[in-house]
Number of protein chains: 2
Amino acid sequence: MRKLRIPDVVIRRLPIYLRVLETLDEDVHGGLISSFELGERAGVSPAQVRKDLNFLGGFGKQGVGYQIAVLRDELRSVLNLHKEINVAIIGAGSLGQALARYIIGRRAAERNYHLRLAALFDSDPAKVGSRVGDVVVEHVDAIPDVTRSRQIRMAIVAVPAEAAQRVVDACVNAGIEAILNFAPVKLRVPDGVRLHNTDLSVELMHLAYYL
Amino acid sequence: MRKLRIPDVVIRRLPIYLRVLETLDEDVHGGLISSFELGERAGVSPAQVRKDLNFLGGFGKQGVGYQIAVLRDELRSVLNLHKEINVAIIGAGSLGQALARYIIGRRAAERNYHLRLAALFDSDPAKVGSRVGDVVVEHVDAIPDVTRSRQIRMAIVAVPAEAAQRVVDACVNAGIEAILNFAPVKLRVPDGVRLHNTDLSVELMHLAYYL
């Protein structure tokens, strides 16, 4: 349960602050960072940084700034990053494989990375049995059993548009409550299931408009 | 030059409508779609759909809806999709390779896909000379020359955070005016250069908060 209700618009920015803090060389900064500098690096005004971080409690010292290590730990705590989450990727094409390598690579590089790639699914029998790292591709029919036995809580959907709703339904029925969808289609999920969408094609078209 | 000044918030939605129209089976729909159905599939209210499409001119017929083929062509026109754009991807790791295969694959599948992968760069000599499809990885030092000779107008940046600003500076100096950045860092570009950011790590953390 959330101790404080933090608005989603703020939740979107907290990971950006955390990424900034993770990439800082603490020695260079004497262990401290100002709201001005954190804002500069995050692309947010200093006033907004202070308002956002106020939701976490009294972490800043006026005129001095924030202690990097303390703020980083608190952000990790608020964002539930100390809890390991088992993730499944559905779709073992280029995108799914790239996402799999991304998660496996982060885990290899960071001792306490919070996501664990627990499964990789595909509907193509030719792909089933192949590997990405230590993860073996399994058939989508196994989604319900694998989700339960490996306690998968998040799914990343990297399948073609026409397959996406069916795949999402299987995930939801199996008990998955958080889905990141890369398929270029609007999907339906019940209340209580969190669905986020990202669409590379839309991003590229949006950007190309300005040329 | 834009005939009408369309607000960016609307520009962001036009590609979504186009994606919906592209995935429709026109026969099933008798060549027509209502603002209600387009909105349902796009995740937008019917009223918003109508307001957005009014920026394109008088395309809808009240009570009847929009002609799918006509609206699709007009969206492609407004979004400059009839003009081919040469794209470079910088960074030939997992993400860069996945993006390369994505663009190559779209082009193979769609006769008039508007992006052409003209170059793929990396700083690692071991990667230079390797291929993704027909595209050979070149060294980042070649960005200026290749950008000019192949008239590259858009860059997709898929390099580690610490290398990103340097890479973006090279692109900007070479004349690239549109950049999609995947590195988890805030970048500086001059006025006149369009920079869009996308960060998988931030998306995953945002989503995980809700578990």
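Remember, predicted model here, so these are calculated numbers, not experimental data.

Q: Residues and numbers for the sheet that holds strand E1 (residues 32–33) of chain B, please.
A: Residue and element names in this part refer to chain B. Spatially, 3 strands are ordered E1-E3-E2 in an open sheet, and the strand pairing comes out antiparallel. Sheet topology places E1 and strand E2 (60–61) at the edges, where each strand pairs with a single neighbour. One ladder, built from 2 bridges, connects E1 with strand E3 (residues 65–67); its direction is antiparallel. Each residue of the ladder has a partner; that of Leu32, found in E3, is Gln67.

Q: Can you lay out the interface of chain A and chain B for me, pointing to particular residues and giving the numbers?
A: Counting residues at the interface gives 55 residues for chain A and 55 residues for chain B. Carbon and sulfur atoms supply 71% of the area buried between chain A and chain B, which totals about 5000 Å² over both sides. Of all residues in chain A, the largest losses of buried area upon contact with chain B belong to Leu207, Tyr209 and Leu211 of chain A, amounting jointly to 17% of the total for that side. Inspection of the region where chain A meets chain B yields 0 salt bridges. Between chain A and chain B we count 8 residue pairs in polar contact (both at pLDDT 80 or more) in total. Broken down by element, the side of chain A that touches chain B gets its largest block of residues, 9 residues, from helix H10 (residues 200–208) of chain A.

Q: If you had to explain unusual backbone geometry to someone new, which residues and values would you point to?
A: Residue and element names in this part refer to chain A. A positive phi angle is found at Asn80, which is not glycine, with a value near 65°. Along the polypeptide, Asn80 turns up in the loop between helix H6 (68–78) and strand E4 (85–90). Positive phi, close to 55°, is recorded for Gln151, a residue that is not glycine. Mapped onto the elements, Gln151 comes out in the loop between helix H8 (143–149) and strand E8 (152–157).

Q: Go over the environment of Val44 of chain B, please, and point to the residues and values.
A: All names here are of chain B. Tracing the chain through its elements places Val44 in the loop between helix H4 (35–42) and helix H5 (46–54). On the accessibility criterion, Val44 (15% relative accessible area) is buried. Each C-alpha atom of the pair Val44 and Ala100 lies 31 Å from the other, and the pair is 56 residues apart in sequence. Each residue touching Val44, except ones within four places of it in the same chain, is listed here: Arg13, Tyr17, Gly39 and Val49.

Q: Got a sec to walk through the sheet that holds strand E3 (residues 65–67) of chain A? Specific residues and values, please.
A: Residues and elements named next belong to chain A. Taken together, the 3 strands give an open sheet; going across it, the order is E1-E3-E2, and neighbouring strands pair in antiparallel fashion. The open sheet has two free edges, formed respectively by strand E1 (32–33) and strand E2 (60–61), since each of these has just one partner strand. Bridge analysis of E2 against E3 gives 2 bridges, and the strand direction is antiparallel. In the strand pairing of E3, Lys61 is matched with Gly65. Where H6 meets the sheet, its contacts fall on E1 and E3, and the angle it forms with E3 comes to roughly 75°.

Q: Report on the packing of H4 of chain B against H5 of chain B, specifying residues and quantitative values.
A: Residues and elements named next belong to chain B. At a minimum axis distance of 8 Å, the contact between H4 and H5 shows a crossing angle of 100°. If you check the angle between H4 and H5, you find them roughly perpendicular. Seen from H4, the contacting residues are Ser35, Phe36, Leu38 and Gly39; seen from H5, they are Pro46, Val49, Arg50 and Leu53. Of the residues contributing to the contact of H4 with H5, the split by class is 5 nonpolar, 2 polar and 1 charged.

Q: I'd love a proper account of helix H10 (residues 200–208) of chain B, names of residues and values included.
A: Counting buried positions along H10 of chain B gives 9 out of 9 residues, so the element sits mostly inside the fold. For H10 of chain B, every residue scored as buried is listed here: Leu200, Ser201, Val202, Glu203, Leu204, Met205, His206, Leu207 and Ala208 of chain B.

Q: Before we move on, can you summarise the relation of the copies chain A and chain B with the specific residues and values?
A: Note on the identical chains: chain A maps onto chain B by a rotation of 180° and an axial translation of 0.0 Å, with an RMSD of 0.0 Å. The superposition operator between the copies reduces to a two-fold rotation axis. When C-alpha distances to the rotation axis are compared across chain A, the minimum falls at Ala98 of chain A, with a value of 3.0 Å. A symmetric contact is evident, with 100% of the interface residues of chain A recurring at the interface of chain B.

Q: Go over the pairing of E8 of chain A with me, naming the residues and quoting the values.
A: Residues and elements named next belong to chain A. Taken across its 6 residues, E8 has 5 buried, putting it largely inside the fold. Two strands pair when backbone bridges link them, and E4 and E8 are joined in this way by 5 bridges, in the parallel orientation. Paired with Val87 across the strands is Met154, a residue of E8. Looking at chain direction, E8 and strand E9 (residues 178–181) are connected through 4 bridges and run parallel. Of the residues in E9, the one forming a bridge with Met154 is Ala178. Regarding the hand of the β-α-β motif, the stretch spanning E8, helix H9 (residues 161–173) and E9 is right-handed.

Rules of the game
- Residues numbered from 1 in each chain as written.
- Chains lettered and ligands numbered in written order.
- Predicted model: local features only at pLDDT ≥ 70, side-chain atom pairs only at ≥ 80, totals over all residues.
- Heavy atoms only, no water.
- Pairing = 2+ DSSP bridges.
- Helix = DSSP H or I, 4+ residues; strand = E, 2+ residues; numbered from the N terminus.
- Contact = heavy atoms within 4.5 Å.
- Buried area = accessible area lost by both parts, 1.4 Å probe.
- Salt bridge = Lys/Arg side-chain N within 4 Å of Asp/Glu carboxyl O.
- Polar contact = N/O pair within 3.5 Å; in protein donor to acceptor, adjacent residues only side chain to side chain.
- Buried < 20%, exposed > 50% of the residue type's maximum accessible area, 1.4 Å probe, protein only.
- Axes fitted to C-alpha atoms, helices over the stretch in contact; angles between N-to-C directions.
- Parallel < 35°, antiparallel > 145°, perpendicular 65-115°, else oblique.
- Nonpolar A, V, L, I, M, F, W, Y, C, P; charged D, E, K, R; others polar.
- Least-squares fit on C-alpha atoms with pLDDT ≥ 70 in both.
- Right-handed = clockwise from strand over helix to strand, strands pointing away.

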